[in-house]
Amino acid sequence: MTTSTTTERAADQRVQVRRGPGGPLVAETEMPPLGHFVDGAFDTAGPASAPLVDPSDERQVALLPQADTTVLDRAVDAAAAAFTTWGATTPRERAELLLAIADRIDAEADLLGRLEALDTGKPPSVTADDVSSAADVFRFSAGAARSLTGLGTADYVADHTSLVLREPVGVVGVIVPWNYPLLMAAWKIAPILAVGDTAVVKPAELTPLSLLKRAELTADIVPAGVLNIVLGRGREVGAAMSSHPGVDLIALTGSVGSGRAVASAAAESLKRVHLELGGKAPVLVFEDADLEATAEGLRSASFWNSGQECGAATRVLVHEDVAERFVEHLVEQVRQIPVGTPDAGEDIEVGPLISRTHRERVLAFIDRAQQDGARVAVGGSALPGPGFFVEPTVLVDVQEGTEAAREEVFGPVITVETFADEDEAVRRANDVVYGLAASVWTRDAARSLDVPRRLDFGTVWVNSHLVLASELPWGGFKGSGYGRDLSIHALEDFSRTKHVQINHGR
Ligand code: NAD
């Protein structure tokens, strides 16, 4: 029997941030060297000015240097020099090296996971998945390197034999975001090395630790210059990489704005551009869907990585006849989500947001959504610090055309809109600048085949969301960019074809 008043019950129902014992996640001796990694060696000289902050307790973790043009030039030169030998290796040699990297990542999974947690505040379930998926993409790329072929050799013109060769591109510049620092870098580095390119990688300024550690852990495996890391801000170092004449292809995972900046900086040298940008994934819940299963599926697909996920299931469009019942199920699921620090337990599902600035951005978005007529069904506020925590939130009554229905939040927030029929659902789902991912929830077999074809997104799931595999391509349409990560298509994107034709007429 309970004696609590309604007000007390409401207060009890508020999410509490669970906190662990609070000791250091990573010992001083386990930290990577805090500097650039160029030509097989760390360069920790120079003033360290960029602070790294643990988002779950707001403590400063480290100070890092910023690359200047001299460091970037050295890294590009080292990558170009290494390309002359790495680009000439056989697929088998490259595959063996990639498998050795994967083994090393697996062997050091615990440490890499804790470094990732220190930089990002991710819970153990997310870091474990990030690290094992990073190893897996190296294993996949090792196999793919050995099976990538060009068009068959043939005489397409009488007396002329044609060969279509697949070649590496050269030096690839890679710019990585903070939401999956190790994994997004792996999605690029693995196919890049697999096809024989060399790389200069710039991690996000907020989250370089796991990539630096990975470079340290594999320094005895990867030949000097094949993989280089430069630290620094996007608008300076990232921009300089994008326009650098020694970089043959520039690959960015990041926001739409950064994609635009990179593409225009790359235009002068006409280097190739590979872009994986933001998303605002619509989730179409039809009247015949299993509503409980859908709500359960969204608990994970929307709040994974605290919603800081480009493919997150953030924008629900639900048929008006079932909207009320569906929202009840969804709110029930969201209320149960455990929020906490990385050391608070294996069952934590949502951690802090990456920074104070980003939390302010997410909270301001929730405020503006309410000004536009949305209602908070659960959550909606910051949680007491230290740490940049926001309650898992569901916003309902979101109106078509408002910011909440159109713009990426990149936080633990689901918005809910209603629709009257299938055509309206498809039209509104497509009416965003993004085109990364979407999902359809239905038990109607014809609809499950037909609606995905009408959706303008690079990945469409049916009765599922955010399920990825190294064998399958990941990438968007429209404002979400045009690169493909994962799968054999990533190896194609980071290589080039050359037609050689031999006249053997006599
Ligand atoms: P961001 O664009 O601010 O930063 C990403 C990277 O780009 C960082 O390393 C940053 O330093 C660099 N950068 C910023 N401005 C630059 C410029 N002018 N020139 C060159 N580099 C620049 O993005 P973020 O906040 O780190 O990451 C979140 C964004 O990334 C979201 O929009 C998210 O959807 C997107 N994202 C997309 C995918 C995908 O696969 N499509 C995956 C993860 C994240």
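Located above this text is the structure these notes cover.
Nothing here was measured: the structure is a model prediction, and the numbers come from that model.

Draft legend 1. Region of the structure containing the site of the ligand. Near the ligand, the surroundings consist of 29 residues, among which Val176, Glu205, Ser258, Leu277 and Glu408 are the closest. A distance of 3.2 Å separates an oxygen atom of the ligand from a polar backbone atom of Gly234. In the environment of the ligand, an oxygen atom lies 3.0 Å from a nitrogen or oxygen atom belonging to the side chain of Trp474. Within the complex, 89% of the 840 Å² of free accessible area of the ligand lies under protein. The set of elements that each furnish at least two residues to the shell around the ligand consists of helix H8 (234–243), strand S11 (249–253) and helix H9 (256–267).

Draft legend 2. Local environment of helix H4 (residues 109–120). Relative to the 16 Å expected for twelve residues at 1.5 Å per residue, H4 spans 16 Å between its end C-alpha atoms, a close match to the ideal helical length. For H4, a buried count of nine out of twelve residues is recorded, marking the element as mostly surrounded by other parts of the structure. Where H4 is concerned, the buried positions are Leu111, Leu112, Gly113, Leu115, Glu116, Ala117, Leu118, Asp119 and Thr120. Just beyond H4, the residue with positive phi is Gly121, at close to 80°.

Draft legend 3. Expanded view of unusual backbone geometry. Residue Pro386 is bonded to the preceding Gly385 through a cis peptide linkage, with omega at 5°. Positive phi, close to 55°, is recorded for Asn463, a residue that is not glycine. With respect to the secondary-structure elements, Asn463 resides in the loop between strand S20 (459–462) and helix H16 (487–493). Classification of Asn463 by relative accessible area gives partly exposed; the value is 40%.

Draft legend 4. Spotlight on the packing of helix H10 (residues 291–303) against helix H11 (residues 323–335). For the pair H10 and H11, the least separation of the axes is 9 Å and the interaxial angle reads 45°. With respect to their mutual orientation, H10 and H11 come out oblique. The crossing of H10 and H11 is right-handed. Counting all contacts with H10, which are made through Leu291, Glu292, Thr294, Ala295, Glu296, Leu298, Arg299 and Phe303, the residues of H11 involved are Arg325, Phe326, His329, Leu330, Gln333 and Val334. Of the residues in the contact of H10 with H11, the class split is seven nonpolar, three polar and four charged.

Draft legend 5. The pattern of salt bridges, seen in detail. The full count for this structure, using the stated rule, is 31 salt bridges. Measuring nitrogen to oxygen at the nearest pair gives 2.9 Å for the salt bridge that ties Arg114 to Glu30. In this pair, Arg114 is assigned in helix H4 and Glu30 in the loop between strand S1 (17–18) and strand S2 (36–38), connecting sequence segments 84 residues apart. The salt bridge partner of Glu96 is Arg92, with a shortest N-O separation of 3.1 Å. In this pair, Glu96 and Arg92 are both assigned in helix H3 (residues 91–107), four residues apart and thus about one turn of the helix distant. By sharing partners, the salt bridges in this structure join Glu287, Asp288, Glu422, Asp423, Arg447 and Arg454 into a single network.

Draft legend 6. Seen up close, the environment of Asp444. Mapped onto the elements of the fold, Asp444 is located in the loop between strand S19 (437–441) and helix H15 (445–454). Placed 71 residues apart in sequence, Asp444 and Gly373 show a C-alpha to C-alpha distance of 33 Å. Of note is the side chain of Asp444, whose polar atom sits 2.9 Å from the backbone nitrogen of Ala446.

Draft legend 7. Spatial organisation of the side chain of Lys122. Note on placement: Lys122 falls in the loop between H4 and helix H5 (124–147). Under the relative-accessibility criterion, Lys122 is labelled buried at 3%. Side-chain polar atoms of Lys122 contact the side chain of Asn305, separated by 3.1 Å. In this structure Lys122 touches Glu116, Ala117, Thr127, Asp130, Asn179, Tyr180, Pro181, Asn305 and Pro342, once residues within four positions along its chain are discounted.

Draft legend 8. Fine view of the packing of aromatic side chains. Counted under the stated rule, the structure contains four aromatic pairs. Judged by centre distance (5.4 Å) and plane angle (75°), the ring pair of Trp178 and Phe410 falls under edge-to-face. Linking Trp178 in the loop between strand S8 (171–175) and helix H6 (181–195) with Phe410 in the loop between helix H13 (403–406) and strand S18 (413–419), this pair joins segments that are 232 residues apart in sequence. For Trp178, a relative accessible area of 19% puts it in the buried group. With relative accessibility at 14%, the residue Phe410 sits in the buried group.

Draft legend 9. Focus on the sheet that holds strand S17 (residues 393–396). The seven strands lie next to each other as S16-S17-S18-S14-S13-S19-S20, forming an open sheet whose pairing is mixed. Where the open sheet ends on each side, the last strands, each with one partner, are strand S16 (375–378) and S20. For this sheet the average axis-to-axis angle between neighbouring strands, irrespective of direction, equals 25°. Across the sheet, H15 touches strand S13 (282–285), S19 and S20, and the angle it forms with S20 is around 165°.

Parameters at a glance
Residue positions are given per chain, counting from 1 as you read along its sequence in written order. Note on the predicted model: pLDDT of at least 70 is required for a residue's local features to be given, and 80 or more for side-chain atom pairs to be given and counted; whole-chain, interface and lining totals, by contrast, use all residues. For the side-chain quantities, the full set of heavy atoms in the structure was used; hydrogens and water were omitted. Being near a molecule or strand, for a residue, comes down to having at least one heavy atom within 4 Å of it. Pairing of N or O atoms within 3.5 Å defines a polar contact, subject to two protein rules: one partner must be a possible hydrogen donor and the other a possible acceptor, and residues neighboring in sequence count only if both atoms are side-chain atoms. Using the Shrake-Rupley algorithm and a 1.4 Å probe, accessible areas are obtained, with residue cover drawn only from the displayed protein chains. Helix and strand definitions follow DSSP, with helices as H or I runs of at least four residues and strands as E runs of at least two, each counted in order from the N terminus. To estimate how far a helix should reach, multiply one less than its number of residues by 1.5 Å. Exposed residues in this analysis have more than 50% of their type's maximum accessible area, buried residues have under 20%, and partly exposed residues fall in between, with area computed by a 1.4 Å probe over protein chains only. As a rule, the C-alpha atoms of each element are fitted with a line to give its axis, helices using only the stretch in contact, and angles between N-to-C directions run from 0 to 180 degrees. Geometric relationships in this document are graded by angle, where less than 35 degrees denotes roughly parallel, more than 145 denotes roughly antiparallel, 65 to 115 denotes roughly perpendicular, and other angles denote oblique. The hand of a helix crossing depends on one turn: near helix anticlockwise from the far one by less than a right angle means left-handed, and clockwise means right-handed. Residues are treated as being in contact if the distance between any of their heavy atoms lies within 4.5 Å. Throughout this entry, Asp, Glu, Lys and Arg are counted as charged residues, while Ala, Val, Leu, Ile, Met, Phe, Trp, Tyr, Cys and Pro are counted as nonpolar. The remaining residues, Gly among them, count as polar. Whenever a carboxyl oxygen of Asp or Glu lies within 4 Å of a side-chain nitrogen of Lys or Arg, that contact is scored as a salt bridge. Aromatic rings from Phe, Tyr and Trp, taking only the six-membered ring of Trp, are treated as a pair when their centres fall within 6.5 Å; an angle between ring planes under 30 degrees marks them as stacked, one over 60 as edge-to-face, and anything in between as tilted. When DSSP finds two or more bridges between a pair of strands, those strands are recorded as paired.

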